[in-house]
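Residue-level listing of the chains:
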Amino acid sequence: MPSASLTLRSVVVALALAAAPAAGGALAAQTPQSLPSPEQARQLLRDNPELQEQLRQRIEQSGMTQDQIRARLRSMGYPENELDDYLTGTPGTGTPNGREVDAARALGLIGSADADTMQTTPQPVSSPPPRPEDPYLRDSLRADSLGLPWSRPLELFGLAVFRAQGTEFQAVQTGPVDENYRLGPGDRLSVILTGDIQRAYSLEVNRDGFIVIPEAGQLYVANLTMAQLDELLYTRLGRVYSGVRRGAGATTHFEATVTRLRNIQIFVAGDVDRPGAYQISAAGTVLTALYAAGGPTADGNFRRVEVRRGAALVDTVDLYGYLLSGINRSDIRLQSGDVVFVPVHGGRVKVTGEVVRPAIYELAANETLRDVLRDAGGFTADALRQRIQIHRILPPESRQAGRARVVVEVGPDQLATGVVPAVPLLAGDSVTVFSVAERVRNFVSVKGDVWVEGAVGWTEGMHLSDALRLAGGTKPDVYLGQILVSRLRSDSTRVQLRSAFADSTGRVTIDLTLEEEDEIVVFSKTTFRPERYVAVTGAVRRPGRIRYREGMTVRDAILLAQGLSEDAYLKEAEIARVPEDRSQGALATTIHVPLDSTYLFARGPAGEYAGPPGIPAPASGAPEIALQPYDNLLILRQPDWELPRIVKITGQVKYPGPYTLRTKTERLNDIIQRAGGLTKEAYPNGIEFFRRQDSAGRVGLDLPRVLRDPRYRDNLILAAGDSVNIPEFNPVVMVGGAVNSPGAVAYQPGKSIDWYVRAAGGYAKNGDKLRAFVTQPNGQKQSVNRKFLLPDDNPYPLPGAVVAVPIRDPAQGGTSVLAVLGTAAQLLASLVTVIVVARQ
């Protein structure tokens, strides 16, 4: 099938050639300049990509041979191979809509009659999806409800053969052919003479059916078979060349072969996937036509494909011979004008279960159960060959009230000989071949402390020792006290039997005689042994539980905990042990054991300790202390041991950078002094102090007061990860939030928050005046405090401060005027009362 890479010129030429037959050949004399422009063809291709396939089908249906198409291309000034991609393959599936056909007609590519034909071209017949009313689908659903042994929908046998992805079935275009091939116009022959005469001729059968051999003249060969052609050549060549004769006395020999086959046009109709007209080679058969047309549909007949020549039925083909054994029993060659017709299918049956090819099969006349199972490939190895079941829908004449469906059993008596009986089948039958029972017999199972657990083959008279030996024998930790044998009774209940091992060699005390499906359980001592452990906690790299081993020491446990951490205290460790006497409520007893420097396992090449300095520890001499199960080993940590703490100071100090704290009580003022103090450009009120510890974030501090009085509370003790930044002076105040014109306002000394909000356009309609606040440059936050009938407490932003006005919560609503007036009236009344009392 041509791809999207087809050249634009090919599409233009295809359009012109497709229009040529309908226009009576009027386009034959056109030049490339009279064809549509590339832009017009591009627009036509963009609107309907499937038009390529549709026009190729029109070319194939035009009746022109490939040589005629190539000759027309030459006459139009195009390369003769321009449309070779269109001259083979299968028809397309696209049909141009009215708008696309009108466009082609407007370009002068097709006539009105041709346009009507393209608009009414039927869509190809495709295999429809299964419908709920399909009796075969209903039968599948009914069979599934009965629990019959298949789990996926059945396919129609043979349907997928002609639908295979990428199938391109093309008959041969070159020889040789067999002696029954009949010659016709368009065939090309090769005649070679050897012996006294050395000649080679390439001869084409012309449209009148003649070939011309130099010196021998014109020979009429149309409709002759290859055998008849040999007879004719013996006669005509023998007149010219005396050495050409039959028998041993011949001195000149000839050989005639077909080197190129002509094309013929045939038609495929009926229930096929793509009915239509096709050009195939003259050697094409029914299979050639069916592959080109996509094969029969789901409604098509696979057992009787008809070949019609004129009004006569010349042959019928049963496709099952080809599908089942690769044999095409019909060797008839199609002739130009032949019709391959696929009628509606005949009776069908379903074959499911334990057969090689479960599928839906079509019945030929007088076929029986034996024939259908043979078509299905016969039984699988799992098939139950004593029973076959047929679900049948009775024919109308055999039905009674409430009796339309029956089940027919083919039982053991009919299958006793091993040959499937020739039971007649009816259309719609569903044949089920059952599987053998799932139950496994002739075994005993051995579980537990043996080398090879699982099923062991059982034989009559087998003993317990035999089964244990077949299971590989017992493992070293086997429990000798008891072996359990569970026996299945005839009523599916079980009885418990038992034996024991006499010694560790696996010899049993009671060698029970086993029966089929006995279950033997051999126990391990490990099964009954509790999981013993010791716990290692404290200053180790990997604290947790460790499985206890006999003879384990403190050193072993520390090694299994991946060694000590840097802060380990190496003078002693504590062991908490389960007390022997717990009557008084004791949970554990503790003992202290000595350690030394040999417990430091990180060593250099010379044996020196590779960890941090300052770990107090005796050089050696600590005894090895044995642990007991469930001991808790605690490795103590050194008092006041800590890695260096780092703080960072940046900005307007003389020596910014990271500093290591010298003591745990070093403060903010100390680190500023260590950094050389503030520069002349420093703005202490703008200090940015951040604490990473506990995610505290920025902390507001009054640095100028800290610098004046180191004892002031804002002179914080520093912690690891603290960050201090001293910025330059910032002469603006940022105003943001619900104001009319957010932005920077130049700092004015002594101005309150309300002044800066007015400088930024005032409060917005949704601004919350009661919750406005200032973030001073040192990080401290100050909010307004509105008072009724008294002056407000307003914060005064400093240079670099940020004024924020939140958005008022709509749920809170505005202040009620009546409520304010009511409160005012109450206050005035109280004030008058106080004045009157005072004057009395």
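Here the structure is shown first, and the text comes after it.
This one's a predicted model, so the numbers in the text were calculated from it and none came from an experiment. (Residues numbered from 1 in each chain as written. Predicted model: local features only at pLDDT ≥ 70, side-chain atom pairs only at ≥ 80, totals over all residues. Heavy atoms only, no water.)

This part is about the pattern of salt bridges. Going through the model one piece at a time under the given rule, you end up with 35 salt bridges. In this structure, Arg-439 engages Glu-517 in a salt bridge whose closest nitrogen and oxygen atoms are separated by 2.4 Å. Residue Arg-439 is found in the loop between strand S15 (430-435) and strand S16 (443-448), and its partner Glu-517 is found in the loop between strand S19 (494-499) and strand S20 (519-524); the two are separated by 78 residues along the sequence. On the accessibility criterion, Glu-517 (12% relative accessible area) is buried. (Salt bridge = Lys/Arg side-chain N within 4 Å of Asp/Glu carboxyl O. Helix = DSSP H or I, 4+ residues; strand = E, 2+ residues; numbered from the N terminus. Buried < 20%, exposed > 50% of the residue type's maximum accessible area, 1.4 Å probe, protein only.)

Within this structure, the stated rule accounts for 11 aromatic pairs. Consider the rings of Tyr-533 and Tyr-630, whose centres lie 5.4 Å apart with planes at 85°: the pair is edge-to-face. Remark: Tyr-630 occurs in the loop between strand S24 (589-594) and strand S25 (632-637) and Tyr-533 occurs in strand S21 (residues 533-538); sequence separation between them is 97 residues. For Tyr-630, a relative accessible area of 32% translates into the label partly exposed. A centroid spacing of 5.1 Å and a plane angle of 85° characterise the contact between Tyr-683 and Phe-729, whose relative ring orientation is edge-to-face. (Phe/Tyr/Trp six-rings, centres within 6.5 Å; stacked < 30°, edge-to-face > 60°.)

Turning next to the sheet that holds strand S8 (residues 305-309). What links the strands of a sheet is backbone hydrogen bonding, and the strands pair in either a parallel or an antiparallel sense. Ordered in space as S7-S6-S10-S8-S9, the five strands form an open sheet in which the pairing is mixed. Edge positions in the sheet fall to strand S7 (276-281) and strand S9 (312-317), since each has one partner strand and no second. Averaged over all neighbouring strand pairs, the angle between strand axes comes to 30°, with direction disregarded. (Pairing = 2+ DSSP bridges. Axes fitted to C-alpha atoms, helices over the stretch in contact; angles between N-to-C directions.)

The next subject is the nonpolar core. Grouped together as the largest cluster of nonpolar side chains are 76 residues, with contacts concentrated most on Ile-213, Leu-290, Leu-319, Leu-334, Leu-369 and Leu-373. Residues contacting Ile-213, with those up to four places away along its chain left out, are Tyr-201, Leu-203, Leu-219, Leu-233 and Leu-237. In terms of nonpolar packing, the next biggest core, distinct from the first, is built from 24 residues, Ile-558, Leu-564, Leu-595 and Leu-627 among them. (Core = buried A, V, L, I, M, F, W, Y, C linked by side-chain atoms within 4.5 Å. Contact = heavy atoms within 4.5 Å.)

In this section: helix H8 (residues 226-240). Look at H8: 21 Å from first C-alpha to last across 15 residues, which is about the 21 Å you get at 1.5 Å a residue. Buried within H8 we find Met-226, Leu-229, Leu-233 and Leu-237. Summarising the contacts, the buried residues of H8 are in contact with strand S1 (188-195), strand S3 (210-213), strand S4 (217-220) and strand S5 (252-260). (Expected span 1.5 Å × (residues − 1).)

In this section: the sheet that holds strand S11 (residues 348-353). Overall, mixed pairing links the five strands, which are arranged S12-S11-S15-S13-S14 in an open sheet. Since the sheet does not close on itself, it has two edges, and those belong to strand S12 (359-362) and strand S14 (405-410), each with one partner. Direction aside, neighbouring strands of the sheet carry axes that sit 20° apart on average. In this sheet, S15 lies alongside S11 in parallel orientation, the contact comprising four bridges. Residue Thr-352 lies in a different strand from S15, and its bridge partner there is Thr-432.

By the secondary structure assignment, Gly-158 is in the loop between helix H7 (135-145) and S1. Given a relative accessible area of 8%, Gly-158 falls into the buried group. Sequence-wise, Gly-158 and Ile-360 are 202 residues apart; in three dimensions their C-alpha atoms are separated by 9.4 Å. Once you skip the residues sitting within four places of it in the chain, Gly-158 turns out to touch Phe-302 and Leu-323.

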